Amino acid sequence: MVNEKVKNGEESLLHIYNRFPVALDHGEGVYLYDTEGKQYLDFAAGIGVTGLGYHNKELNDALKEQIDKLFHISNLYYHENCGIAAKALASASGMDKVFFTNSGAEAIEGALKAARKYAWTKKSGRYELIAMEHSFHGRTAGAVSVTGHPEYREPFEPLLPGVRFAKYNDLDSVKALVNEKTCGIILEPLQGEGGIHPVGQEFMEGIRKICDENDILMICDEVQCGMGRTGTMFAWQGYGIRPDILTMAKAIGNGIPVGAFAMTEKVAESSLKPGDHGTTYGGNPLACMAVSKVLEIFEKEQIVEHVKKVGAYLSSRLDELAEKMDCVTQRRGKGLMQGLAVTKPFAEVCQCALEEGLLVISAEGNVIRLLPPLIIEEKHVDEMIRKLEKALS
């Protein structure tokens, strides 16, 4: 539980954020520990951020060494880390050009600007965007404009003009919205906040076809579902459908604040130029060291292959739990991004899980969202199932 010292220090923030009633102190591997020493199995990973878990010595040592050298110079100068990280990230993501940001929302902002600038460069008069219902892309003005939850948008309207929403996995609903003003279609290959819904192969292929035939840019938001979580380095690779613009953040830095948007050479040549977009802290030496080291560890430890194996085991154990528990109505997801739709109130389940020493988070539709560190093993899946079954009983 939250001790008084921490609670008092956070008092002003508690009016802004809904926080769980626990004060975390440190982590080790896939476990977190509160200020009173209680251990929690982490199946939230900082909302899909800490893919390598906590206290990874190799990453920590690299970051400590970089802090002693240089951690900020602004984006007016070159530094070696940025080039190394960009090259590695472009290779891993299957894209050609990378722009570093501070967060996923900022990556979305850059992607939207790139799509509109591409249309402007072509003098096409296009500016409209098609997004998906139940999507989530962030809370900044542009990002929330393409987020498919009216309750997130309405308090801040008027927002970005020219945004229309199609039904996820319904190609006809997308086709009905495409017109001579459409410049981009944005979607998550696996919706997270919206309830853990994977995109269908036919839908991905259909969106790509629409974009190719109309010179529209396909934008994939992989801030949450990317970086190995679904069993491929980035989720689009599991479908073989390459987007024109790709956004990422969260696990690319394992907790160091960093995001990026990447694009094909075709888009890069006809969109953003120096001065069109910028960021003071984006791509700083510390963040880029985190990205390059994380990618190095992913390759060396064969994290993606590990996710395929453990993800399959997690899916099977969750299916068993769904079959056993009347309050679980459906399991859906891919790899180590899974959701259980339940009939019990999430707040009740979450509190019971905390008491059992398990951290989980929610998604739309009363869904228990499971986003563990990518380094979990089958024994951790078994431990989670035991604890979650008790929480659901």
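Quick caveat: nothing in here was measured; it's all calculated off a predicted structure.

## Observations regarding the side chain of Lys293
By the secondary structure assignment, Lys293 is in helix H11 (residues 285-301). For Lys293, the residues in contact, after removing those within four places along its chain, are Glu58, Leu59 and Ala62.

## Thoughts on the confidence of the model for the protein chain
Overall, the prediction assigns the protein chain a mean pLDDT of 95, with 95% of residues at 70 or greater. The model gives residues 1-15 a pLDDT under 50, and that stretch makes 17 contacts with residues more than four places away or in other chains.

## Looking at the nonpolar core
By size, the foremost hydrophobic cluster in this structure holds 92 residues, and its most contacted members are Ile368, Met384 and Leu392. Ranked by residue count, the leading element in this core is H11, at 10 residues. Excluding residues that lie within four positions of it along the chain, Leu392 makes contacts with Leu321, Met325, Cys327, Val328, Val342, Lys344, Val349 and Ile368. Of all hydrophobic cores here, the second largest spans 23 residues; its members include Leu112, Val146, Ile245 and Met263.

## Details of the side chain of Thr182
Mapped onto the elements, Thr182 comes out in strand S7 (residues 182-187). Only 3.0 Å separates the side chain of Thr182 from the backbone nitrogen of Asn179, close enough to count as a polar contact. Sequence-distant contacts of Thr182, defined by excluding residues within four places in its chain, comprise Arg126, Glu128, Ile130, Leu177 and Ile216.

## A word on unusual backbone geometry
What is expected of a backbone is that most residues other than glycine have negative phi and most peptide bonds are trans. A cis geometry characterises the amide bond from Glu157 onward to Pro158, with omega recorded as 5°. Residue position: Pro158 is located in the loop between helix H7 (150-153) and strand S6 (163-166). With phi around 60°, Met227 is a residue other than glycine that occupies positive phi space. Along the chain, Met227 falls in the loop between strand S10 (217-221) and strand S11 (245-248). We note that Gln302 has phi near 50°; this positive angle belongs to a residue other than glycine. Residue position: Gln302 is located in the loop between H11 and helix H12 (303-324).

## Concerning helix H4 (residues 80-93)
Spanning 14 residues, H4 covers 20 Å between terminal C-alpha atoms, matching the ideal 20 Å at 1.5 Å per step. For H4, the complete set of buried residues consists of Asn81, Ala85, Ala86, Leu89, Ala90, Ala92 and Ser93. Seen from one end, H4 has its buried residues packed into an arc of 165°, which puts them on one side. Away from its buried face, by an angle of more than 90 degrees, H4 presents the exposed residues Glu80, Lys87 and Ser91. In this fold, the buried residues of H4 make contact with helix H3 (57-69), strand S4 (97-101), S11, strand S12 (259-263) and H11. Note on H4: the residue one or two positions beyond its end, Gly94, has a positive phi of about 80°.

## Regarding the pattern of salt bridges
Under the counting rule described, the total for this entry stands at 17 salt bridges. In this structure, the salt-bridge partner of Glu58 is Lys293, at a minimum N-O distance of 3.7 Å. Placement of the pair is Glu58 in helix H3 and Lys293 in helix H11, with a sequence separation of 235 residues. Here Glu58 falls in the partly exposed class, since its relative accessible area comes to 27%. In this structure, Arg208 and Asp212 form a salt bridge, with 2.9 Å as the shortest nitrogen-oxygen distance. Taken as a pair, Arg208 and Asp212 lie in helix H9 (residues 201-214) at a separation of four residues, close to a single helical turn. When its relative accessible area of 13% is taken as the criterion, Arg208 is described as buried. Look at Asp212 and you get exposed, because its relative accessible area is 53%. Linked by salt bridges that have partners in common, Glu58, Lys293, Glu296 and Lys300 make up one network.

## Concerning the packing of helix H13 (residues 346-356) against helix H14 (residues 378-392)
One way to put it is that H13 packs onto H14 with a least axis distance of 8 Å and a crossing angle of 135°. The angle between the axes of H13 and H14 places the two elements in the oblique class. The crossing of H13 and H14 is right-handed. Residue-level inspection shows Val349, Cys352, Ala353 and Glu356 of H13 in contact with H14, the latter providing Lys387, Leu388, Lys390, Ala391 and Leu392. Its residues assigned to classes, the contact of H13 with H14 comprises six nonpolar, no polar and three charged.

## Let's talk about H3
Counted at 1.5 Å a residue, the expected span for H3 with its 13 residues is 18 Å, and the 18 Å between its end C-alpha atoms agrees. Its buried side turned inward, H3 meets H4 and H11.

What counts, and where the lines are drawn
Residues numbered from 1 in each chain as written. Predicted model: local features only at pLDDT ≥ 70, side-chain atom pairs only at ≥ 80, totals over all residues. Heavy atoms only, no water. Helix = DSSP H or I, 4+ residues; strand = E, 2+ residues; numbered from the N terminus. Contact = heavy atoms within 4.5 Å. pLDDT = per-residue confidence, 0-100. Core = buried A, V, L, I, M, F, W, Y, C linked by side-chain atoms within 4.5 Å. Buried < 20%, exposed > 50% of the residue type's maximum accessible area, 1.4 Å probe, protein only. Polar contact = N/O pair within 3.5 Å; in protein donor to acceptor, adjacent residues only side chain to side chain. Expected span 1.5 Å × (residues − 1). Arc of directions from axis to C-beta. Salt bridge = Lys/Arg side-chain N within 4 Å of Asp/Glu carboxyl O. Axes fitted to C-alpha atoms, helices over the stretch in contact; angles between N-to-C directions. Parallel < 35°, antiparallel > 145°, perpendicular 65-115°, else oblique. Left-handed = near helix turned anticlockwise from the far one by under 90°. Nonpolar A, V, L, I, M, F, W, Y, C, P; charged D, E, K, R; others polar.

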